[in-house]
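The lines below spell out each chain.
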Amino acid sequence: MRLFIRFALSLSALILSQNSVAASLLLPDNANTVLVNGIAIEQQQVALDISTPQGLQQIAFRYQARFRDQGSQHSFSSDVIILRFAAVEQTYQLSLPSIRSQSSAQQFNDSPKLTLTDQAGNAVAFTQDKLMKKGLQLGRDFEQEIAKYNTSANPARWTKVNVIAPEAAVATAPASTAPPLKAQSEYAQAENMHPTMIDNTQQPNQVEVSTMLDYWYQKASPQTQADFKARINQ
């Protein structure tokens, strides 16, 4: 009995110890992940696996916002942004600038300004890029896209082994003087695409329709996605 009690106490202590040293990333309400270390997932509080080499994490997310500009309501959905940084056992916070006009939405999509801090409020070094795809955006396979991205010499590439250490801390550069993001990959060829901005007072064009279809497709359950594909193939 004493042996059993000792074992149970040791196991409880181990579990409590593991839970107390978890690492996580907090995203603002208007940002959702699409990938975490190569796995498709949507979260705003991300549990980080620090057992990876150098503790490197690769988070892909979209910034989605609504704003009022010149008396009209607009919706904005950014390109998929890739964030890579080294994590230890603490909580990190991602911050994004406010989107209040079409020009600020365009500016963010052309050159996203991100701020990453640790739980003490210190700036954390990170590398960023975009995960781009040409043509129709409906039903994107993000896991396949990021797998292809990670096999090339891209700035924010990530693998479970032989990971290159992060570049210099871009998080410490003032937003007003930071150079525009120029991704060095085939995904960045579409970097000059306009962000998705939908004016509810006008008839949406086909680009906007395609983007919104993709948004709701990603939100749908696997069964709903299958039913939708079946209707298209009829």
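Rules of the game
- Residues numbered from 1 in each chain as written.
- Predicted model: local features only at pLDDT ≥ 70, side-chain atom pairs only at ≥ 80, totals over all residues.
- Heavy atoms only, no water.
- Helix = DSSP H or I, 4+ residues; strand = E, 2+ residues; numbered from the N terminus.
- Buried < 20%, exposed > 50% of the residue type's maximum accessible area, 1.4 Å probe, protein only.
- Contact = heavy atoms within 4.5 Å.
- Areas by Shrake-Rupley, 256 points an atom, 1.4 Å probe, with all protein chains shown as cover.
- Core = buried A, V, L, I, M, F, W, Y, C linked by side-chain atoms within 4.5 Å.
- Phe/Tyr/Trp six-rings, centres within 6.5 Å; stacked < 30°, edge-to-face > 60°.
- pLDDT = per-residue confidence, 0-100.
- Salt bridge = Lys/Arg side-chain N within 4 Å of Asp/Glu carboxyl O.
- Pairing = 2+ DSSP bridges.
- Axes fitted to C-alpha atoms, helices over the stretch in contact; angles between N-to-C directions.

Trainee: Give me the lowdown on the overall build of the protein, citing residues and values where you can.
Mentor: Per the secondary structure count, the protein includes 5 helices and 11 strands. A buried classification covers 42% of the 234 residues belonging to the protein. For the protein, the share of sequence-separated contacts (at least 6 apart) that also reach a separation of at least 24 residues comes to 66%. Split by element, the accessible area of the protein, about 13,500 Å² in all, is 54% carbon and sulfur.

Trainee: Give a description of the nonpolar core that names residues and reports values.
Mentor: Counting 27 residues, the largest nonpolar core has L25, L48, F61, F85 and L114 as the members making the most contacts within it. The set of elements that each furnish at least two residues to this core consists of β1 (23-26), β2 (31-36), β4 (45-48), β5 (56-69), β7 (80-86), β8 (91-95) and α2 (102-110). Broken down by element, this core gets its largest block of residues, 5 residues, from β5. Core analysis: the second largest hydrophobic core is formed by 10 residues, V34, V80, L131 and A156 among them.

Trainee: An account of the packing of aromatic side chains is requested, with residue identities and associated values reported.
Mentor: Scanning the model with the defined rule gives 4 aromatic pairs in all. Ring centres of Y63 and F108 lie 5.0 Å apart, and the angle between their planes is 80°; on these two criteria the pair is classed as edge-to-face. Taken together, the residues span a long stretch of sequence, with Y63 in strand β5 and F108 in helix α2 at a distance of 45 residues. A relative accessible area of 2% places Y63 in the buried class.

Trainee: Could you give me a rundown of the confidence of the model for the protein, with the residues and numbers involved?
Mentor: Of the residues in the protein, 63% reach a pLDDT of 70 or more, and the chain-wide mean stands at 75. The low-confidence segment residues 1-21, where pLDDT is below 50, has 1 contact with residues more than four positions distant or belonging to other chains. Below pLDDT 50 for its whole length, residues 162-205 participates in 90 contacts with residues either more than four positions away or in separate chains.

Trainee: Run through the pattern of salt bridges, naming residues and quoting values.
Mentor: Evaluated as defined, the whole model comprises 2 salt bridges. Across the salt bridge formed by K130 and D79, the nearest N and O atoms sit 3.1 Å from each other. Pair noted here: K130 is in strand β10 (residues 127-131) and D79 is in the loop between β6 (72-77) and β7, with a separation of 51 residues, a long-range link. You can call K130 buried: its relative accessible area is 1%. D79 gets classed as buried once you look at its relative accessible area, which sits at 13%. Residue E145 pairs with R140 through a salt bridge whose shortest N-O separation is 2.6 Å.

Trainee: How would you summarise the pairing of β1 if you had to cite specific residues and measurements?
Mentor: In this sheet, β4 lies alongside β1 in antiparallel orientation, the contact comprising 4 bridges. Across the sheet, L25 pairs through a bridge with V46, a residue of β4. Relative to β8, β1 runs parallel, the two being bridged by 3 bridges. Across the sheet, the residue bridging to S24 is T91, located in β8.

Trainee: Describe the sheet that holds β4, listing the residues and the values that go with them.
Mentor: Ordered in space as β4-β1-β8-β9, the 4 strands form an open sheet in which the pairing is mixed. Only two strands of the sheet have a single partner each, and these edge strands are β4 and β9 (115-117). Neighbour-to-neighbour, the strand axes of this sheet turn through a mean angle of 20°, independent of strand direction.

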